[in-house]
Protein chains: 2
Amino acid sequence: MEHTSKQYEAELRELKEKLLSMGSRIEELIKDAMQALVERDTDLAQKVIHGDHRVNRLEMEIDELCLKLLALRQPTAVDLRFITLGLKIVADLERVGDLAVNIAERAIELNQEAPLKPYIDLPKMAADVQEMLRKALDAFVKEDVAMAEAVLGADDQIDEVNHKVFEELVDYMARDKANIKRACRLMFVSRYLERIADHATNVAEMVIFMVQGRDVRHLHSVGP
Amino acid sequence: MEHTSKQYEAELRELKEKLLSMGSRIEELIKDAMQALVERDTDLAQKVIHGDHRVNRLEMEIDELCLKLLALRQPTAVDLRFITLGLKIVADLERVGDLAVNIAERAIELNQEAPLKPYIDLPKMAADVQEMLRKALDAFVKEDVAMAEAVLGADDQIDEVNHKVFEELVDYMARDKANIKRACRLMFVSRYLERIADHATNVAEMVIFMVQGRDVRHLHSVGP
C-alpha cells in the first residue's frame with residue numbers, strides 16, 4: 001500500500017513535469033516564431049512548423065498518463081480535479097502550439113516581400129504573452145492563486161496593445177495600398193498573440209477554480 | 001448492482017444529451033451572430049454576447065457531471081475515454097461559443113459604418129462550419145467514424161474559401177482606403193469561421209481516436 005501510494009505520487013509528479021516541459025517547449029516555439037518574423041528567417045520558421053510534432057507527442061503522452069491515473073488510481077476529489085484540469089490545460093497548450101505555427105506561416109509569407117516596418121510592439125507583446133503562459137503553468141503546478149491572478153491582470157494590457165497595433169496597421173494600409181497584404185498578415189500575428197494570452201488566462205482561471213473551488217472562469221467576459 | 005448500473009447508464013446518457021444541447025445552443029449562437037452581421041442587427045448581436053452565459057453554465061454542468069462519473073462510477077476503459085474526451089470536447093465547444101461572440105462584436109462595429117458589400121461567401125462559409133460542428137458532435141454521441149471522417153474532408157474546403165475571402169477583401173482595401181477598417185473586420189470574421197471549422201475537425205479527430213483507438217489527431221497538419 002505504502003509502495004502504491006509512492007508510485008502514485010511519482011506519477012502525479014511526472015504529470016506536472018511533463019506539463020511544464022510541454023509548456024517550455026511551447027514557449028520556445030513562440031520565441032522562435034517571433035524571431036523568424038523579426039529576423040526574416042524562413043529556415044527558423046520552417047523549424048517551428050516542423051517542431052510542433054514534438055509538442056503533439058508530448059500532448060498524447062500527457063493524455064495517456066492522465067487516463068492511466070484516472071483508471072488505475074481512483075484519485076481523490078482534489079487529485080481528480082487536478083488530473084482533469086491537466087487534460088484541459090494540455091488542450092490549451094496544444095492550441096498555443098498551433099498559434100505559434102500560424103505565426104511562423106505568416107512569417108514565411110512576409111519574408112517573400114520587402115519588410116513593412118520595424119516590429120516594435122509585436123515582439124514586446126510576444127514577450128508578455130510568453131510570461132503570462134509561464135506564470136499560468138507555474139501557478140498550476142504550485143497551486144498558487146496569487147500568481148494566477150497576476151496573469152488575469154496582464155490580459156487587459158495585451159488587449160490594449162492589440163488594439164493599438166490594429167489602428168497603426170490600418171494607418172499603414174491607408175498610406176499606401178502596397179502595404180495592405182503585409183499589414184493584414186501582421187494584424188493576424190497580433191491576433192494570434194492575443195489568442196495565446198487568452199489561453200494563458202484560461203489556464204489561470206482554471207487554477208483559481210481548482211484551488212478555491214469556486215468558479216471564476218466566466219466572470220471575465222470575452223475579449224475584443 | 002443492477003440499479004447502480006442503470007443509474008450509471010442514465011448518467012452517461014445525460015452527458016451525451018447535455019453535450020448535444022450545448023452543441024445546438026452554440027450552433028444557434030453562430031447562426032444569430034451571422035444574421036446580426038448580414039442584417040446589420042445590433043440588438044441581435046448584443047443578444048449573442050449576452051447568450052453566451054447560458055453556454056458557460058452548460059459547460060460547468062457538463063464538467064461537474066464528468067467529474068462525478070469519474071469519481072463515483074470508476075468507469076471502464078472505454079467509458080473512461082468517452083468521459084475524458086467529453087471534457088475536451090466541452091472545451092472546444094466553449095471556444096466556439098467565444099468565436100460566435102467575437103463575430104457578434106465585429107458585427108456591432110461594422111453596423112456603425114455603411115455596409116461594405118453583400119456578404120456572399122461568409123454566410124455560406126458559416127452554414128458549412130455549422131454543419132461540420134453538428135456532424136462532429138453527432139459522430140461523437142453515435143461513435144460513428146464515417147461521419148467523423150466526412151468532417152475532416154470538409155475542412156480543406158473551408159480553408160480554400162477563407163483564402164478566397166482574404167484576396168477579395170485585400171482588393172476592396174486597395175480600391176478605396178475608406179474600405180480598409182471594414183474589410184479588416186470582415187477578414188477577422190472569416191478567420192473566426194475558419195477557427196470554428198478547426199474545432200469541429202478537432203472533435204472529429206477525437207471521435208476517430210476514441211472509436212478506433214488509434215490516434216489520427218496529428219496526421220492532419222495545422223491549417224494556414
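Now for a look at the structure at hand.

Side note on helix H6 (residues 180-212) of chain B
Phase 1 of the analysis: Here H6(B) is 33 residues long and its end C-alpha atoms lie 48 Å apart, about the 48 Å a rise of 1.5 Å per residue gives.
Phase 2 of the analysis: Taken across its 33 residues, H6(B) has 29 buried, putting it largely inside the fold.

Description of the packing of helix H3 (residues 77-111) of chain A against helix H4 (residues 121-142) of chain A
Residues and elements named next belong to chain A.
Phase 1 of the analysis: With their axes 12 Å apart at the nearest point, H3 and H4 run at an angle of 165 degrees to one another. Compared by their axis directions, H3 and H4 come out roughly antiparallel. The element H3 and its partner H4 pack so that their crossing is left-handed. Two secondary-structure elements touch here, H3 through Phe 82, Leu 85, Gly 86, Ile 89, Leu 93 and Val 96 and H4 through Leu 133, Leu 137 and Phe 140.
Phase 2 of the analysis: A per-class count over the contact of H3 with H4 returns 8 nonpolar, 1 polar and no charged.

What about the interface of chain A and chain B?
Phase 1 of the analysis: Facing 49 residues of chain A, the contacting portion of chain B comprises 49 residues.
Phase 2 of the analysis: Together, the buried faces of chain A and chain B total about 4,300 Å²; carbon and sulfur atoms form 61% of this surface.
Phase 3 of the analysis: Between Asp63(B) and Lys88(A) there is a salt bridge; the shortest N-O distance is 3.0 Å.
Phase 4 of the analysis: At the junction of chain A with chain B, the criterion picks out 14 residue pairs in polar contact (both at pLDDT 80 or more).
Phase 5 of the analysis: Listed by contribution, the elements that provide at least two residues to the side of chain A that touches chain B are helix H2 (42-73), H3, helix H5 (145-175) and helix H6 (180-212) of chain A.
Phase 6 of the analysis: Of all the elements, H3(A) adds the most residues to the side of chain A that touches chain B, at 15 residues.
Phase 7 of the analysis: For the side of chain A that touches chain B, a count of residues per class yields 21 nonpolar, 8 polar and 20 charged.

Structural notes on the environment of Val101(B)
Phase 1 of the analysis: With respect to the helices and strands, the residue Val101(B) is situated in helix H3 (residues 77-111).
Phase 2 of the analysis: Linking Val101(B) and Val48(B), residues 53 residues apart in sequence, is a C-alpha distance of 6.2 Å.

What to know about the relation of the copies chain A and chain B
Phase 1 of the analysis: Superposition of chain A onto chain B requires a rotation of 180 degrees combined with a translation of 0.0 Å along the rotation axis, giving an RMSD of 0.0 Å. Those values place the two copies in the arrangement expected of a two-fold rotation axis. Across chain A, the smallest distance between a C-alpha and the rotation axis is recorded for Lys88(A), namely 3.1 Å.
Phase 2 of the analysis: Most of the interface of chain A is mirrored in chain B: 100% of its interface residues are interface residues there too.

Conventions used here
- The written sequence of each chain sets the order in which its residues are numbered from 1.
- To label them, take the chains in the order written and letter them from A, then take the ligands in the order written and number them from 1.
- Two thresholds apply to this predicted model, a pLDDT of at least 70 for residue-level local features and 80 or more for giving and counting side-chain atom pairs, whereas whole-chain, interface and lining totals are computed over all residues.
- Side-chain calculation: all heavy atoms of the structure are included, whereas hydrogens and water are not.
- In DSSP terms, a helix is any run of H or I states spanning at least four residues, a strand is any run of E spanning at least two, and both are numbered starting from the N terminus.
- An expected span of 1.5 Å times one less than the residue number is assigned to each helix.
- The cut-offs for exposure are 20% and 50% of the maximum accessible area for each residue type, with area from a 1.4 Å probe on protein chains only; residues under the lower value are buried, those over the upper are exposed, and the others partly exposed.
- Here an axis means a line fitted to C-alpha atoms, over the contact stretch when the element is a helix, while the angle between two N-to-C directions is reported on a 0 to 180 degree scale.
- Should an angle fall under 35 degrees it is taken as roughly parallel, and over 145 as roughly antiparallel, whereas 65 to 115 is taken as roughly perpendicular and any remaining angle as oblique.
- Crossings are sorted by hand: turned counterclockwise from the far helix by less than a right angle, the near helix makes the crossing left-handed, and turned clockwise it makes it right-handed.
- Note on contacts: a residue pair qualifies if any of its non-hydrogen atoms lie within 4.5 Å across the two residues.
- Ten residues, namely Ala, Val, Leu, Ile, Met, Phe, Trp, Tyr, Cys and Pro, are considered nonpolar, four, namely Asp, Glu, Lys and Arg, are considered charged, and the remaining ones, Gly among them, are considered polar.
- As a working definition, buried area equals the accessible area (1.4 Å probe) given up by two parts on being put together, with both sides summed.
- Each reported salt bridge corresponds to a side-chain nitrogen of Lys or Arg within 4 Å of a carboxyl oxygen of Asp or Glu.
- Polar contact is the term for a pair of N or O atoms within 3.5 Å; when the atoms are in protein, one must be able to donate a hydrogen and the other to accept it, and sequence-neighboring residues count only if both atoms are side-chain atoms.
- Overlaid copies result from least-squares superposition on C-alpha atoms, with residues included only where pLDDT is at least 70 in both.

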